[in-house]
Amino acid sequence: MKEKLIRFMAGRYGFDSLGKATIIAALAAVVLASLFGIPVLSWLAWALIIYAYFRMFSRNIYKRSAENQTYLAKTRRLRTWFSTQKNLLAQRKTHHIYKCPTCRQKIRVPKGKGKIEIRCPKCQTRFIKKS
């Protein structure tokens, strides 16, 4: 059975970031349709699911890849903001993050060092903080 699926999917595009976003949007539409009883959202969810499957089983790999690259280019700023926030949240356990009072550059300093003088690497301003 697994071999049949592998043979069937050979030469087809498969699952990517745009497909994932489409499925998530469809699930959100299903939830909203069931909560508020809006039939248009139910139809929208079905259309999104059908579109996601169409993209997954498509043999026109070049077009599907171009669509995905366009999607990734348009969502780049949002994705990088979320990854930056996730990274900063993980670093807060071991580091303090200060902003330079002059140029607003973020500066990462290890926790537990006491009162320290920080020099901004961008504008060379010195300021004192308790770490």
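Note: the structure precedes this text.
Residues numbered from 1 in each chain as written. Predicted model: local features only at pLDDT ≥ 70, side-chain atom pairs only at ≥ 80, totals over all residues. Heavy atoms only, no water.

(A) How the structure looks around the pattern of salt bridges. The tally for this structure, following the rule as stated, stands at four salt bridges. With a closest N to O distance of 3.0 Å, Arg64 and Glu67 form a salt bridge. Pair noted here: Arg64 and Glu67 are both in helix 4 (residues 61-74), with a separation of three residues, about one helical turn. Here Arg64 falls in the buried class, since its relative accessible area comes to 6%. In this structure, the salt-bridge partner of Glu117 is Arg126, at a minimum N-O distance of 3.5 Å. The exposure class assigned to Glu117 is exposed, which follows from its relative accessible area of 51%. Among the charged side chains, a network of salt bridges with common partners joins Asp16, Arg55, Arg64 and Glu67. (Salt bridge = Lys/Arg side-chain N within 4 Å of Asp/Glu carboxyl O. Helix = DSSP H or I, 4+ residues; strand = E, 2+ residues; numbered from the N terminus. Buried < 20%, exposed > 50% of the residue type's maximum accessible area, 1.4 Å probe, protein only.)

(B) Broad picture of unusual backbone geometry. The backbone phi angle of Arg104 is positive, close to 70°, even though this residue is not glycine. By secondary structure assignment, the location of Arg104 is in the loop between strand 1 (95-99) and strand 2 (106-110). When its relative accessible area of 54% is taken as the criterion, Arg104 is described as exposed.

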